[in-house]
Amino acid sequence: MVLSYAFGDTSMSYSVGDGIVSLGLAAVIGAYIYAKHQAYKKRLEIVHEERMTAMEKGIPLPEFPFEKAKEPNEADRLVIPLLGVVLTTLSLGAMIVLYLNGTAQSRGFWIAPLPFTFLGIGFLAFHFLSREKKR
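Residues numbered from 1 in each chain as written. Predicted model: local features only at pLDDT ≥ 70, side-chain atom pairs only at ≥ 80, totals over all residues. Heavy atoms only, no water.

## Section: the overall build of the chain
Our working rule: Under the DSSP-based scheme used, a helix requires at least four consecutive residues in state H or I and a strand at least two consecutive residues in state E, with every element numbered from the N terminus. Residues count as neighbours in contact if any of their non-hydrogen atoms are within 4.5 Å of one another. In short, Shrake-Rupley with a 1.4 Å probe defines the accessible areas, and a residue's cover is counted only from the protein chains shown.
Counting its regular elements, the chain contains five helices and zero strands. Expressed as a percentage of contacts within the chain between residues at least 6 apart in sequence, the contacts between residues at least 24 apart total 51%. With the model as given, the accessible surface of the chain reaches about 11900 Å², and the carbon-plus-sulfur share is 69%.

## Considering the packing of helix α4 (residues 79-101) against helix α5 (residues 114-130)
For clarity, the cut-off: In this analysis an axis means a line fitted to C-alpha atoms, helices contributing only their contacting stretch, and an angle means the value between N-to-C directions, from 0 to 180 degrees. To sort the angles, those under 35 degrees are grouped as roughly parallel, those over 145 as roughly antiparallel, those from 65 to 115 as roughly perpendicular, and the leftovers as oblique. Crossings are assigned a handedness: left-handed for a near helix turned anticlockwise from the far helix by less than a right angle, right-handed for a clockwise turn.
Interhelical geometry of α4 versus α5 gives an angle of 155 degrees and a closest axis separation of 7 Å. On the basis of the axis angle, α4 is roughly antiparallel to α5. Handedness of the α4/α5 crossing: left-handed. Seen from α4, the contacting residues are Ile80, Pro81, Leu83, Gly84, Val85, Leu87, Thr88, Ser91, Leu92 and Met95; seen from α5, they are Leu114, Phe116, Thr117, Leu119, Gly120, Ile121, Phe123, Leu124, Phe126 and His127.

## Side note on α5
The test is simple: In a helix, the anticipated span is given by 1.5 Å times the number of residues less one. Per-residue accessibility, obtained with a 1.4 Å probe over protein chains only, is compared with the maximum for each type, and a residue is labelled buried under 20%, exposed over 50%, and partly exposed between these values. Picture the helix axis, draw a direction to every C-beta atom, and the arc is the one those directions span.
Between its first and last C-alpha atoms α5 spans 24 Å; for 17 residues at 1.5 Å apiece the expected length is 24 Å, and the two agree. Restricting attention to buried positions, one finds in α5 the residues Thr117, Gly120 and His127. Take α5 and look down its axis: the buried residues cluster within an arc of 95 degrees, on one side only. Those residues of α5 that are exposed and aimed more than 90 degrees away from the buried face are Pro115, Phe118 and Leu129. For α5, the elements touching its buried residues are α3 (74-77) and α4.

## Describing the side chain of threonine 117
Mapped onto the fold, threonine 117 is located in helix α5. With a relative accessible area of 5%, threonine 117 lands in the buried category. Not counting the four nearest positions on each side in its chain, threonine 117 is found in contact with Thr88, Ser91, Leu92 and Met95.

## Notes on the packing of aromatic side chains
For clarity, the threshold we go by: Stacked, tilted and edge-to-face are the three classes applied to pairs of Phe, Tyr and Trp rings, where Trp contributes its six-membered ring and a pair requires centres within 6.5 Å; stacked means planes under 30 degrees apart, edge-to-face means over 60, and tilted covers the rest.
By the definition in use, this model includes one aromatic pair. Ring geometry for tyrosine 99 versus tryptophan 110: centroids 6.3 Å apart, planes at 85 degrees, classification edge-to-face. Placement of the pair is tyrosine 99 in helix α4 and tryptophan 110 in the loop between α4 and α5, with a sequence separation of 11 residues.

## Things to note about a nonpolar patch on the surface
Quick note on the threshold: Note that patches include only residues with greater than 30% relative accessible area and no salt bridge, and the join distances are 9 Å for like charges and 5 Å for nonpolar side chains (Val, Leu, Ile, Met, Phe, Trp, Tyr). In what follows, salt bridge is the name for a side-chain nitrogen of Lys or Arg lying within 4 Å of a carboxyl oxygen of Asp or Glu.
On the surface, a nonpolar cluster with roughly 680 Å² of combined accessible area is contributed by Ile96, Leu98, Tyr99, Leu100, Phe109, Trp110 and Ile111. Secondary-structure assignment places isoleucine 111 in the loop between α4 and α5.

## Digging into α4
Over its 23 residues, α4 runs 32 Å from end to end, which matches the ideal 33 Å to within 8%, given 1.5 Å per residue. Within the sequence span of α4, burial applies to Pro81, Gly84, Leu87, Thr88, Ser91 and Met95. Check the buried side of α4 and you find it contacts α3 and α5.

Written out as structure tokens, the structure is:
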């Protein structure tokens, strides 16, 4: 289906049911986001009421952040360079395979994975340029 569309066959037609399913999925996602936002607002209101009541009674309350900051660990720091290596090697391998196994007409498709190569190289460059200097 995707290949026929990519090569110029535009005879695909969608039904009304396909549109209804798409709209239903969008509505479910929107409702989920709205419910999460409402729960967050309700939690803030409860915290505000508690703090106002404590202030009226003269009870000091410590300040605290609503969202606790996550401590980065070593595994989190390795995600970006690993993703960069995986994207770069897979896309370079795909480029080689597409070039060597393609016919004369389709040999121009070897360049298709090039954006993923640049993305992987960008991840690696970001990792090496943003790491802290050790003293």
